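# Examining the three-dimensional arrangement
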Amino acid sequence: MIYDTLEHAGQYRKLSGNLAKALDYLTGTELETVEAGRVEIDGERVFALFQSYETKPENDRPEAHRKYIDIQYLIEGEELIGVAPLASMERVAEAVPERDIWFYEGETAKLPLGGGRFAILFPQDAHAPCIAAGECRPVRKVVLKVAVEPAEGTEKNDTKNRSRCAYRIGSGFTIYSVTASIAAAYHAPPFGQTNASS
């Protein structure tokens, strides 16, 4: 997972060609002028879904995707998104492979979206978006869908190496556990710890 502000988006372009196209669109488009619906950027490899909806009090069904990376960005309003390592989920609640979405049961830690913040969510990142930050309010969001590309030098079926992905929060802060990164960002202990010491 990457969680950062739009002004730093360019530093993540080098992670993959598809991701670069998506970030270029995110930073180079007047998002406020785009109507709800799908926008093609590079066919099925990169496209954008513009959405308008009202946030909800809770989202207890974290989801994850296998073929696509999500970039989630609030154009208007603010919401919370629950995030956690996929490995920490208790079980699969529902699988809809034809839509590339799996729903899970498990705990997440909440991060704010809005105010220029974005989240990049990889296949190993469970996420529960659309949660109200206070009262339920209308928001406008764009979700960029980015087809997964194997890392350079990694075989397509090398799932062990493909799963070792750095997690980042903020500019230049890289770690290997999303729960630890969230804890560090918010000065709170990771899941399963009672204090901030490791």
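Here goes a summary of the coordinates provided. (Residues numbered from 1 in each chain as written. Predicted model: local features only at pLDDT ≥ 70, side-chain atom pairs only at ≥ 80, totals over all residues. Heavy atoms only, no water.)

### Thoughts on the layout of surface pockets
The condition is simple: Cavities and pockets are found on a 1 Å grid laid over the protein atoms alone: a cavity is a set of points where a 1.4 Å probe fits but cannot escape, a pocket is an open set with protein on both sides within 12 Å along at least five of seven lines, and a lining residue has an atom within 4 Å of such a point. Grid points are joined across faces, edges and corners, and a volume is the space filled by probe spheres set on the points. Per the convention used, a helix needs a DSSP run of H or I reaching at least four residues, while a strand needs a run of E reaching at least two, with both numbered from the N terminus. Asp, Glu, Lys and Arg are counted as charged, while Ala, Val, Leu, Ile, Met, Phe, Trp, Tyr, Cys and Pro are counted as nonpolar; the rest, among them Gly, fall into the polar class.
Counted as a void, the second largest pocket has a volume near 500 Å³. For the second largest pocket, the lining is made up of 26 residues, of which Leu49, Glu63, His65, Ile101 and Lys145 are closest to its centre. When residues of the lining of the second largest pocket are traced back to their parent elements, those giving at least two are strand 3 (46-54), strand 5 (68-76), strand 8 (101-105), strand 11 (125-132) and strand 12 (138-147). No other element matches strand 3, which puts 4 residues into the lining of the second largest pocket. Taken together, the residues of the lining of the second largest pocket break down into 10 nonpolar, 4 polar and 12 charged.

### Here's the deal with the side chain of Asp42
Counted only if it meets this: Note on exposure labels: buried denotes an accessible area under 20% of the residue type's maximum, exposed denotes more than 50%, and partly exposed covers the range between, all computed with a 1.4 Å probe on protein chains only. Polar contacts here mean pairs of N or O atoms no more than 3.5 Å apart (in protein, one a potential hydrogen donor and the other a potential acceptor; neighbouring residues in sequence count only if both atoms are side-chain atoms).
Summarising the element assignment, Asp42 is placed in strand 2 (residues 37-42). Judged by relative accessible area, Asp42 falls into the buried class, the value being 15%. Within polar-contact distance, the side chain of Asp42 engages the side chain of Lys21 at 2.5 Å.

### Here's the deal with the pairing of strand 9 (residues 109-113)
Put simply, the rule is: Two strands are counted as paired when DSSP detects at least two bridges linking them.
Most of strand 9 is tucked away: 4 of the 5 residues are buried. Inspection of the sheet shows strand 6 (residues 79-85) paired to strand 9 by 5 bridges, in the antiparallel sense. The residue of strand 9 that forms the bridge with Gly82 is Lys110.

### With respect to the pattern of salt bridges
Side chains that differ in sign of charge can pair as their charged atoms come close. For clarity, the threshold we go by: In the sections that follow, a salt bridge refers to a side-chain nitrogen of Lys or Arg positioned within 4 Å of a carboxyl oxygen of Asp or Glu.
Per the counting criterion, the structure on display carries 12 salt bridges. For Arg117, the salt bridge goes to Glu78, with nearest N and O atoms at 3.7 Å. Separated by 39 residues along the polypeptide, Arg117 in strand 10 (residues 117-121) and Glu78 in the loop between strand 5 and strand 6 bring together distant segments of the chain. Judged by its relative accessible area of 25%, Arg117 falls in the partly exposed class. Glu135 is the salt-bridge partner of Arg137, the closest N and O atoms lying 3.4 Å from each other. By sharing partners, the salt bridges in this structure join Lys21, Asp42 and Arg45 into a single network.

### Here we look at the environment of Pro129
Put simply, the rule is: Residues are treated as being in contact if the distance between any of their heavy atoms lies within 4.5 Å.
With respect to the secondary-structure elements, Pro129 resides in strand 11. With 67 residues separating them in the primary sequence, Pro129 and Pro62 have C-alpha atoms 8.0 Å apart. Contacts of Pro129, omitting those with residues within four sequence positions, involve Lys56, Asn59, Glu63, Gln72, Glu79, Leu80, Ile81 and Lys141.

### Here's the deal with the packing of aromatic side chains
The test is simple: Ring geometry is summarised as follows: Phe, Tyr and Trp rings, the Trp one being its six-membered ring, pair when their centres sit within 6.5 Å, and such pairs are stacked at plane angles under 30 degrees, edge-to-face over 60 and tilted between the two.
Following the criterion strictly, the structure yields 3 aromatic pairs and no others. Pairing Tyr12 with Phe118 gives two aromatic rings, centres 6.3 Å apart and planes at 75°, and the pair type is edge-to-face. Placement of the pair is Tyr12 in the loop between strand 1 (2-5) and helix 1 (17-28) and Phe118 in strand 10, with a sequence separation of 106 residues. For the residue pair Tyr12 and Phe118, the accessibility class agrees, reading buried in each case. Note on Tyr25 and Phe50: the rings are 6.5 Å apart at their centroids and 70° apart in plane angle, and the pair reads as edge-to-face. Here Tyr25, found in helix 1, pairs with Phe50, found in strand 3; they are 25 residues apart in sequence, far enough to count as distant.

### What to know about unusual backbone geometry
Not every positive phi belongs to a glycine, and Asp100 is a case in point at roughly 55°. With respect to the helices and strands, Asp100 occurs in the loop between strand 7 (91-96) and strand 8. Positive phi, normally seen in glycine, also occurs at Cys130, with a value near 75°. Looking at the secondary structure, you find Cys130 in strand 11.

### Some details on the environment of Gln124
If you trace the backbone, Gln124 turns up in the loop between strand 10 and strand 11. On a C-alpha basis, the gap between Gln124 and Pro85 in space is 6.2 Å, while along the polypeptide they are 39 residues apart.

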